[in-house]
Amino acid sequence: MTEKLDIEVKPATAEGEAKMYTWEEGMDWNPVEKVILERRSTRKYKDKQVPEALIRRILEMARFAPSAGNSQPWRFMVIRDKKMIEDMERYVRLRCKILKFFLDWRTSPLGKLAWLYAQMGARIMPNDMHPIPMSAIGLIADGKLDLFHGAPTVILIFKDKRGAAKPEVDVGICGQNMVLAAHSLGLGTCWIGFVELLKYGIKWRRKLGISFPYDLAEGMAIGYPVAHPDGMIERELREIEWYEGSQWKTVL
Amino acid sequence: MAYLTWKERLKIPTYDNPEYARSGRVVIDHGKCNGCGNCALICPGACLYVAGVGKNKKCYLMEGEFPDCMSCNDCAAMCERNAITVSQTYDFGYFYKILHRGELSPPRRF
């Protein structure tokens, strides 16, 4: 019975300060909600390197993410070498130029053939050929958009293809843990999906050790942001279907 | 319950055609904007630019060719003077039509 007495009695929180682990209607954001709502992708970083211990702390958060069957189908690679980051950026830019040549019918010398490739590609890979990444390919190829935005540290997240159930979802969950932790610690992050193009180069497959069972899934740029990009914004509402009391209703 | 008709499913929109594609749009309050250029620096679609000199240095949204604004609102979060608001979200026709989406709203406390 003596152990029970060791439970610390927390002092009541001050007026207006948001409490954790409790809810009342219309209360202020608690710290976790605040970090979730204020997180924005950072697309310009300071040159200052992030301390190693801080990156280790963020990676520690990833280790404790939920995964299907506790299979933890992830592997991390931290790249903090400026030259290597520039090389990766150059390679992805080259790949984007090649893709733009074959797929962007507005500028490609292939003309109508490029339009045909784009239409076929969109049917085979509707996610990769979504108009937004397609225009990003054009911007990266033209040098209007950076890949890593000058980040001093890049984390590559690998997915173990043998993971239980849905390894790509698990990789996403562990990445979100890292992103939220990084923002709560005063850093900025940005998901870089275009690192995927690195796996199409034999040189980079060897250099990064991309081979079975690992597959390069996502990249993440981490660093100190220029100015203050974090903040709450407006977003579209999503329709939610709600079934209760044997009736359907749609809420926004 | 079909969310897309077969015609919509089979037709892939070409994003440069304004009939099928509507890009995002931001409104910049030039009374508040001081042309610091932070928004143009971070815009992932490279669709903001700064023009003008001295007091007339202001930020503008690209016009003419299809701007790549994806209404991500990062510029609005970056702007310290609250000069930017997103007025229109992006949408595409046919295959990439966006479903079940409502109006823009800031986070709501329930």
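Since this is a predicted model, take the numbers as computed values, not measurements.

Draft legend 1. Summary view of the overall build of chain B. When helices and strands are tallied, chain B shows three helices and seven strands. Its C-alpha atoms give chain B a radius of gyration of 17 Å, clearly above 13 Å, the size a compact globule of 110 residues would have. Its C-alpha atoms give chain B principal-axis dimensions of about 55 × 40 × 20 Å. When burial is assessed residue by residue, chain B has 30% of its 110 residues classed as buried. For chain B, long-range pairs separated by at least 24 residues make up 62% of all intrachain contacts whose partners lie at least 6 apart in sequence.

Draft legend 2. Inspection of the sheet that holds strand β2 (residues 153-160) of chain A at higher detail. Residue and element names in this part refer to chain A. In space, the four strands of this open sheet follow the order β1-β2-β4-β3, with antiparallel pairing throughout. In this open sheet, the two strands that pair with only one neighbour each are β1 (74-79) and β3 (188-192). The average angle at which neighbouring strand axes cross in this sheet is 25°, direction not considered. In this structure, β3 lies alongside strand β4 (residues 214-223), joined through five bridges in antiparallel fashion. Within β4, the residue paired with Trp191 across the bridge is Met220. Against the sheet, helix α6 (residues 167-184) makes contact with β1, β2, β3 and β4, and its axis sits at roughly 10° relative to β4, the strand it touches most.

Draft legend 3. The packing of helix α3 (residues 82-103) of chain A against helix α5 (residues 131-141) of chain A, seen in detail. Residues and elements named next belong to chain A. Running from N to C, α3 and α5 point in directions that differ by 120°, and their axes come no closer than 8 Å. Comparing the axis directions of α3 and α5 gives the class oblique. Relative to α5, α3 is oriented so that their crossing is left-handed. Contact residues: α3 offers Val92, Arg93, Cys96, Lys97, Leu99 and Lys100, while α5 offers Ile137, Gly138, Ile140 and Ala141.

Draft legend 4. Structural detail: the interface of chain A and chain B. Each partner contributes residues to the interface: chain A has 34 residues there, and chain B has 31 residues. Listing elements by their share of the side of chain A that touches chain B, those giving two or more residues are α4 (112-124), α5 and β5 (235-238) of chain A. If you tally residues by element for the side of chain A that touches chain B, the top one is α5 of chain A, at five residues. Looking at side-chain class alone, the side of chain A that touches chain B contains 14 nonpolar, seven polar and 13 charged residues. In the sheet, β5 of chain A pairs with strand β7 (residues 101-105) of chain B via three bridges, with the strands oriented antiparallel. In the strand pairing of β7 of chain B, Arg235 of chain A is matched with Ser105 of chain B.

Draft legend 5. Expanded view of the nonpolar core. Val92, Ile140, Ala221 and Ile222 of chain A together with Cys39 and Cys75 of chain B are the most contacted members of the largest nonpolar core, which has 67 residues in total. Sequence-distant contacts of Ile140 of chain A, that is, excluding residues within four places in its chain, are made with Val92, Arg93, Cys96, Leu145, Leu147 and Phe194 of chain A.

Draft legend 6. Just α6 of chain A, in detail. All names here are of chain A. Over its 18 residues, α6 runs 26 Å from end to end, which matches the ideal 26 Å to within 8%, given 1.5 Å per residue. Of all the positions in α6, only Pro167, Asp170, Val171, Cys174, Gly175, Met178, Val179, Ala182 and His183 are classed as buried. Each element contacted by the buried residues of α6 is listed here: α1 (31-38), α2 (52-63), β1, β2, β3 and β4. One or two positions beyond α6, positive phi appears at Gly186, with a value near 90°.

Draft legend 7. Structural view of α2 of chain A. All names here are of chain A. Along its 12 residues, α2 runs 17 Å from first to last C-alpha, staying within 8% of the 16 Å computed at 1.5 Å per residue. Taken together, the buried positions of α2 are Ile55, Ile58 and Ala62. Considered in projection along α2, the buried side chains sweep an arc of 60° and stay on one side of the axis. Turned more than 90 degrees away from the buried face of α2, the exposed residues are Ala53, Arg56, Glu60 and Arg63. Next to the buried residues of α2 lie β1, β2, α6 and β4.

Draft legend 8. Structural context of the confidence of the model for chain B. All names here are of chain B. Taken over all residues, the pLDDT of chain B has a mean of 85, while the share at 70 or more is 94%. Per-element mean pLDDT across chain B ranges from 81 in strand β1 (residues 21-22) up to 90 in helix α3 (residues 74-78). The ipTM for the predicted assembly is 0.87, set against a pTM of 0.88.

Draft legend 9. Up close: the environment of Ile36 of chain A. Along the chain, Ile36 of chain A turns up in helix α1. Sequence separation between Ile36 of chain A and Lys100 of chain A is 64 residues; the distance between their C-alpha atoms is 35 Å.

Draft legend 10. Structural detail: the environment of Met77 of chain A. Residues and elements named next belong to chain A. Within the secondary structure, Met77 sits in strand β1. Sequence separation of Met77 and Leu139 is 62 residues, and the distance between their C-alpha atoms is 27 Å. Once residues lying within four places of it in the same chain are set aside, the contact partners of Met77 are Leu156, Phe158 and Leu208.

Draft legend 11. Region of interest: the environment of Asp104 of chain A. In this structure, Asp104 of chain A sits in the loop between α3 and α4. Sequence-distant contacts of Asp104 of chain A, defined by excluding residues within four places in its chain, comprise Ala114 and Gly138 of chain A.

Draft legend 12. Fine view of the confidence of the model for chain A. Overall, the predicted model of chain A reaches an average pLDDT of 89, with 93% of residues at or above 70. Residue range residues 7-13 of chain A is modelled with pLDDT below 50. Its contacts to residues more than four positions away, or to other chains, number one contact.

How each quantity is defined
Residues numbered from 1 in each chain as written. Chains lettered and ligands numbered in written order. Predicted model: local features only at pLDDT ≥ 70, side-chain atom pairs only at ≥ 80, totals over all residues. Helix = DSSP H or I, 4+ residues; strand = E, 2+ residues; numbered from the N terminus. Rg over C-alpha atoms; globule rule 2.2 N^0.38 Å. Buried ≥ 20, exposed ≤ 12 C-beta atoms within 10 Å, placed from the backbone. Contact = placed C-beta atoms within 7 Å. Pairing = 2+ DSSP bridges. Axes fitted to C-alpha atoms, helices over the stretch in contact; angles between N-to-C directions. Parallel < 35°, antiparallel > 145°, perpendicular 65-115°, else oblique. Left-handed = near helix turned anticlockwise from the far one by under 90°. Nonpolar A, V, L, I, M, F, W, Y, C, P; charged D, E, K, R; others polar. Core = buried A, V, L, I, M, F, W, Y, C linked by C-beta atoms within 7 Å. Expected span 1.5 Å × (residues − 1). Arc of directions from axis to C-beta. pLDDT = per-residue confidence, 0-100.

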